[in-house]
Every structure is written in C-alpha cells, then in structure tokens.
Amino acid sequence: MVGTDGSYTSMRAVERAAAIAADHGAHLIVATAHAPVREEKGRYAIPPGSDHGADYRMVGETPFRSILRDASERAYKAGANKVVEESIVGHPVDALVHLAEEAHADLLVVGNVGLSKVAGRLLGAVPSEVSRRAKTDVLIVHTTD
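Residues numbered from 1 in each chain as written. Predicted model: local features only at pLDDT ≥ 70, side-chain atom pairs only at ≥ 80, totals over all residues. Heavy atoms only, no water.

Concerning the environment of Ala33
Following the sequence through the fold, Ala33 ends up in strand S2 (residues 28-34). Judged by its relative accessible area of 23%, Ala33 falls in the partly exposed class. Residues Ala33 and Gly90, 57 residues apart in the sequence, show an inter-C-alpha distance of 5.9 Å. When neighbours within four sequence positions are excluded, Ala33 is seen to be in contact with Ile88, Gly90, His91, Pro92 and Ala95. (Helix = DSSP H or I, 4+ residues; strand = E, 2+ residues; numbered from the N terminus. Buried < 20%, exposed > 50% of the residue type's maximum accessible area, 1.4 Å probe, protein only. Contact = heavy atoms within 4.5 Å.)

A few points about the packing of helix H1 (residues 8-24) against helix H2 (residues 63-77)
Put simply, H1 and H2 touch, their axes get as near as 8 Å, and they point 40 degrees apart. For the element pair H1 / H2, the angle class is oblique. Here the hand of the crossing between H1 and H2 comes out right-handed. Residues Met11, Val14, Glu15 and Ala18 of H1 lie in contact with H2, whose contacting residues are Ile67, Asp70, Ala71, Arg74 and Ala75. (Axes fitted to C-alpha atoms, helices over the stretch in contact; angles between N-to-C directions. Parallel < 35°, antiparallel > 145°, perpendicular 65-115°, else oblique. Left-handed = near helix turned anticlockwise from the far one by under 90°.)

Some words on unusual backbone geometry
One non-glycine residue, His104, lies in the positive phi region at around 55 degrees. Turning to its location among the elements, His104 is positioned in the loop between helix H3 (92-102) and strand S6 (107-111). Residue His104 is classed as exposed on the basis of its relative accessible area of 67%.

Note that all results are geometric; they support no functional claim without further evidence.
Encoded structure:
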C-alpha cells in the first residue's frame, strides 16, 4: 500500500511501491486521504483567493479522484499488475494506518516529504507519525533530490 497527496515527491513513492509490488507479484493499494466533503459542484475545502494559495477543490471533479487516477497510471507504468484506488476520509496518518490494518497490507510506503505546503502546515509530519503508529512494516522512500 502507498499513500499519496498528488505531489511530485509522493508520486515517486508510488513508483517505488509499484516496483516492489511488481517484483513480488503483489496487488498495490494506492491511497489518498482527505477531509469529509459533500458531493456538489463548486464547493471548496480551501476557498479560492484565500491566503492558502491556489484553489483546492474538494468536490465535484475532486483532486483526490485525479490524484488517484494519476497515481494508478504511474503505478502501472512502473510495473504494478493490479492497482486498487482508495480514497479515505480523515487525517492522513489515521487514514493510512487504519486502511493498512483493514487491508492486511504487508508494507506501507510513504514519501519522506510528500505533503503540499498547505497540508504540511495543517497536518504535520506524516512519514514519522505513520512509521511510529503503523502495525505493519513501513518504507519511507527518499523522494527529494
């Protein structure tokens, strides 16, 4: 299983997880976490023009759907044979740890950075918290140059 927030660095973790899955003939769960949102077009988790930067649309054509689609494409290109997309509501650490347990994942892969500026300020250090709390093996991929 691999967590991604759609950032360039987290996609590097996706590619690494996909290569591992390919080497072992394993299924790969690509997961992203997000705040609860209602399914209606035009709503935003962070309003446009706020001091948090660019639009961060969370409904309608949501970024988490796009993130998962992009991550799956990268995973297949990196050699994964079966990729499952999971969108999880909740704080990234809680959501990833819970899903890894629920899915009986053998390995949870995260990038060493992987968070956007806004998410990083709001949510803190995901890799260190995931490695501390997960009950499965965790691989923290070095995703920065």
